[in-house]
Amino acid sequence: MSENPKALVLLARGAEEMEAVISIDVLRRGGIDVTVAGLEGTDPIPCSRGVVITPDVALDAVSGVFDVLVLPGGAEGAKRLAESPRVGVLLKDHELGGRMVAAICAAPMALPAHGVFEGRKLTSHPSVRSALESWGEYSEHPVEADGNLITSRGPGTAFAFALRIVGALTSAQRMVEVRAPMMFPVQVS
C-alpha cells in the first residue's frame, strides 16, 4: 500500500458512466488521488447512456506511476480499451510491476486482448463471459480479487468494486469509513 495512493481511470467513448463516476467518486472519498484520462484526448466523452464526462487529461499526456489502473466497462468503451495499444502498454506495465488493475463489466476483455493477467480469478458482465472463461478462472461473484487484479460484473456492482479498490489501496478500516456515510446497504432486499 502506498502512503498517497494514485488511481488512473481510463475513459473511452461509450464507457458505462455509472461504473466510471461511481469508481471516481468512491476512490476520491477514500483519499485516493484520481486522474481521469481520456483515451481519445481531453474533449468531453459521450458515455453509453448519453452522459458526457470531461477527462482531466489525455491518455497520451499521462506520465508517472499509478497504484491502480481502473477500466470502466460499457460495450463500446471496453472495445476501445481492448483495441488501444497505449492501454496495452499500461496494462503490461502494471502486471510486470505488480501494481493493481481493476476492470468492471465488459472491460476485463482488455486483459486477453493485451495478453495480461492470464490464469487469474476474474469476473465480468455475463455478455462477455464466454470470451473470458478460457483466459482465467471465471467466477460469478459480484467482485473478484486475485492478487493485484480486481474485476466486477456491471453497474449494479460498481459500489462494491470501488470499495474493494479503496480497501486494497488503503485499509479495510478506511473502506468501512468510506462506506458508512454513503449508506451502502449490507443487503439489498
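Located above this text is the structure these notes cover.
Here the structure is a predicted model, which means the values were calculated and not measured.

1. Focus on the packing of helix H6 (residues 158-169) against helix H7 (residues 172-179)
Relative placement of two packed helices is described by the angle separating their axes and the distance separating the axes. At a minimum axis separation of 7 Å, H6 and H7 run at an interaxial angle of 145°. In the crossing of H6 with H7, the sense of the turn from one axis to the other is right-handed. Residues Leu163, Arg164, Val166 and Gly167 of H6 lie in contact with H7, whose contacting residues are Ala172, Arg174, Met175, Val178 and Arg179.

2. Let's talk about the environment of Leu91
In this fold, Leu91 is placed in helix H3 (residues 85-97). Between the alpha carbons of Leu91 and Glu137 there is a distance of 19 Å; along the sequence they are 46 residues apart. Leu91 has contacts with Leu69, Leu71, Val101, Ala110, His114, Val116 and Phe117, leaving out every residue within four places of it along the chain.

3. A word on the pattern of salt bridges
A pair can form between side chains of opposite charge whenever their charged atoms are brought close. In this structure the tally under the stated criterion is 9 salt bridges. The closest approach of N and O atoms between Arg29 and Asp25, which form a salt bridge, is 2.4 Å. Separated by 4 residues within a single helix, Arg29 and Asp25 lie in helix H1 (residues 17-29), roughly one turn from each other. By relative accessible area, Asp25 is classed as partly exposed at 33%. Between Glu40 and Arg80 there is a salt bridge, and its shortest N-O distance comes to 3.4 Å. Remark: Arg80 occurs in helix H2 (residues 75-83) and Glu40 occurs in the loop between strand S2 (33-38) and strand S3 (45-46); sequence separation between them is 40 residues. The class of Glu40 is partly exposed, set by a relative accessible area of 45%. When its relative accessible area of 29% is taken as the criterion, Arg80 is described as partly exposed. Because the salt bridges share partners, they merge into one network encompassing Glu40, Glu76 and Arg80.

4. A few points about the side chain of Thr170
Relative to the helices and strands, Thr170 resides in the loop between H6 and H7. A distance of 2.6 Å separates a polar atom in the side chain of Thr170 from the backbone oxygen of Val166.

5. Notes on the nonpolar core
Counting residues in hydrophobic clusters, the biggest one holds 32 residues, and the most contacted among them are Val26, Leu27, Val34, Val68, Val70, Phe161 and Ile165. Broken down by secondary-structure element, the contributors of at least two residues to this core are strand S1 (6-11), H1, S2, strand S6 (68-71), strand S7 (100-104) and H6. Examining the composition of this core, we find that 7 residues originate from one element, H6, more than from any other. Setting aside residues no more than four positions away along its own chain, Phe161 makes contact with Ser23, Val70, Ala102, Ala103, Ile104, Val143, Ile150, Thr151 and Ser152. Grouped together as the second largest cluster of nonpolar side chains are 30 residues, Phe66, Leu71, Leu90 and Val128 included.

6. Some thoughts on the environment of Ala107
Among the structural elements, Ala107 can be located in the loop between S7 and helix H4 (110-113). For Ala107, a relative accessible area of 0% puts it in the buried group. In this structure, the C-alpha to C-alpha distance between Ala107 and Leu81, residues 26 residues apart in sequence, is 7.3 Å. Apart from the residues lying within four places of it in its own chain, the contact partners of Ala107 are Leu71, Pro72, Gly73 and Ala78.

7. Looking at the side chain of Ser139
Tracing the chain through its elements places Ser139 in the loop between strand S9 (137-138) and strand S10 (143-146). Of the residues examined, Ser139 reaches a relative accessible area of 8% and is grouped as buried. A distance of 2.7 Å separates polar atoms of two side chains, one belonging to Ser139 and the other to Glu144. Aside from chain neighbours lying at most four places away, what touches Ser139 is Leu122, Thr123 and Glu144.

8. A closer look at the environment of Glu118
You can see Glu118 is positioned in the loop between H4 and strand S8 (121-122). Taking C-alpha positions, Glu118 is 9.1 Å from Ser134, a pair spaced 16 residues apart along the chain. Non-local contacts of Glu118, meaning those with residues more than four positions away in its chain, are made with Glu95 and Trp135.

What counts as what
Residues numbered from 1 in each chain as written. Predicted model: local features only at pLDDT ≥ 70, side-chain atom pairs only at ≥ 80, totals over all residues. Heavy atoms only, no water. Axes fitted to C-alpha atoms, helices over the stretch in contact; angles between N-to-C directions. Helix = DSSP H or I, 4+ residues; strand = E, 2+ residues; numbered from the N terminus. Left-handed = near helix turned anticlockwise from the far one by under 90°. Contact = heavy atoms within 4.5 Å. Salt bridge = Lys/Arg side-chain N within 4 Å of Asp/Glu carboxyl O. Buried < 20%, exposed > 50% of the residue type's maximum accessible area, 1.4 Å probe, protein only. Polar contact = N/O pair within 3.5 Å; in protein donor to acceptor, adjacent residues only side chain to side chain. Core = buried A, V, L, I, M, F, W, Y, C linked by side-chain atoms within 4.5 Å.

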